[in-house]
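# Geometric and topological summary
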Amino acid sequence: MNRFRPLLLVAFLSSFLAACLPDEVNPNITPTVDLYVTVVDELGNTVSQAQVYLFSFESTYQNYLVENPEGDPNITPLVGADDVGVTNSTGQAIFFNRPLEGNSYASGDTWFHRPNPIYIRVQANLGGVYYTNDRTVNRISFDEIESGERIVEYLEIEVNI
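Our subject in this report is the structure included herewith. (Residues numbered from 1 in each chain as written. Predicted model: local features only at pLDDT ≥ 70, side-chain atom pairs only at ≥ 80, totals over all residues. Heavy atoms only, no water.)

### Examining the sheet that holds strand 4 (residues 92-99)
- Here three strands make up an open sheet; going across it, the order is 4-1-11 and the pairing mixed. The two strands at the open ends of the sheet, each matched to only one other strand, are strand 4 and strand 11 (150-158). Mean inter-strand twist for the sheet, computed between neighbouring axes without regard to direction, equals 15 degrees.
- Pairing between strand 1 (residues 32-40) and strand 11: nine bridges, direction parallel. For T32, the partnering residue across the bridge sits in strand 11 and is R150. (Pairing = 2+ DSSP bridges. Helix = DSSP H or I, 4+ residues; strand = E, 2+ residues; numbered from the N terminus. Axes fitted to C-alpha atoms, helices over the stretch in contact; angles between N-to-C directions.)

Structure, rendered in structure tokens:
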């Protein structure tokens, strides 16, 4: 019986340690958004070939507004290629599967995410006159969401002189 005592002790300690370890936490996966932006003029007509820029940080957005107040298309902001779109013939720019940057935290075995807002600047050349959406700050805010979630947002943005 003495020779089985070490095996019993090892089995007991293994089960005790396994019970003390925390439950496995699911992986933290950055949530994403499919963003459909429709650009219209002051009369509600859709605007094709408008440039749409997405900014993850308010400071970058504000700096670009100061740098390019007239909406000159030759001055481009410091954003990634995935954050630049041009509206199609129906006035829509689509951003698929865009990561929602922000802060994450674990609660139990689930990760939750608090996405940063997205700021949007639109610039359009209508008959040689440059229009922007600068009369109002176009900012999308998101509620807290779970890790890996994919959401869809539809926006209509008006450009004006």
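### Points about the pairing of strand 1
- Burial within strand 1 is extensive, with nine of its nine residues counted as buried.
- Neither face of strand 1 is open: one carries T32, D34, Y36, T38 and V40, the other V33, L35, V37 and V39, and all of them are buried.
- Two elements, strand 1 and strand 4, share six bridges in a ladder whose sense is antiparallel. The residue bridging T32 from the neighbouring strand is P99, located in strand 4. (Buried < 20%, exposed > 50% of the residue type's maximum accessible area, 1.4 Å probe, protein only.)

### Concerning the sheet that holds strand 6 (residues 110-115)
- The three strands are arranged 5-6-10 in an open sheet whose pairing can be described as antiparallel. The sheet is open, and its two borders are formed by strand 5 (102-107) and strand 10 (145-146), each paired with just one other strand.

### Here we look at the nonpolar core
- Formed by 22 residues in total, the largest nonpolar core has its most connected members in V39, V52, I120 and V122.
- Contributing elements (two or more residues each) for this core: strand 1, strand 2 (51-55), strand 4, strand 7 (118-126) and strand 11.
- Leaving out residues up to four positions away in the same chain, V122 has contacts with V39, A50, Q51, V52, Y131, T132, N133, I157 and V159.
- Core analysis: the next-biggest nonpolar cluster, separate from the first, contains six residues, F55, Y61, Y64 and L65 among them. (Core = buried A, V, L, I, M, F, W, Y, C linked by side-chain atoms within 4.5 Å. Contact = heavy atoms within 4.5 Å.)

### Describing the pattern of salt bridges
- Applying the stated criterion across every chain yields a total of five salt bridges.
- Where R150 meets D34, a salt bridge forms, and the shortest distance between an N and an O atom there is 3.0 Å. Of this pair, R150 sits in strand 11 while D34 sits in strand 1, placing them 116 residues apart in sequence. (Salt bridge = Lys/Arg side-chain N within 4 Å of Asp/Glu carboxyl O.)

### Some words on the packing of aromatic side chains
- Per the stated rule, a full pass over the model turns up seven aromatic pairs.
- Aromatic ring contacts, followed pair by pair, group Y53, F55, Y61, Y64 and Y119 into a single cluster. (Phe/Tyr/Trp six-rings, centres within 6.5 Å; stacked < 30°, edge-to-face > 60°.)

### Thoughts on helix 2 (residues 58-67)
- When we look at burial in helix 2, the residues that qualify are Y61, Y64 and L65. Along the long axis of helix 2, the arc covered by the buried residues comes to 100 degrees, so they all point the same way. Away from its buried face, by an angle of more than 90 degrees, helix 2 presents the exposed residues N63 and V66.
- In this fold, the buried residues of helix 2 make contact with strand 2, strand 7 and strand 9 (138-140). (Arc of directions from axis to C-beta.)

### Structural notes on the side chain of N68
- The residue N68 is located in the loop between helix 2 and strand 3 (84-86) in this model.
- Residue classification places N68 among the buried positions, given a relative accessible area of 2%.
- A polar atom in the side chain of N68 sits 3.2 Å from the backbone nitrogen of G71.
- Apart from residues lying up to four places away in sequence, N68 is in contact with I75, R121 and Q123. (Polar contact = N/O pair within 3.5 Å; in protein donor to acceptor, adjacent residues only side chain to side chain.)

### Structural notes on the environment of Y131
- Here Y131 shows up in strand 8 (residues 129-132).
- A C-alpha to C-alpha distance of 6.7 Å links Y131 and G71, two positions 60 residues apart in sequence.

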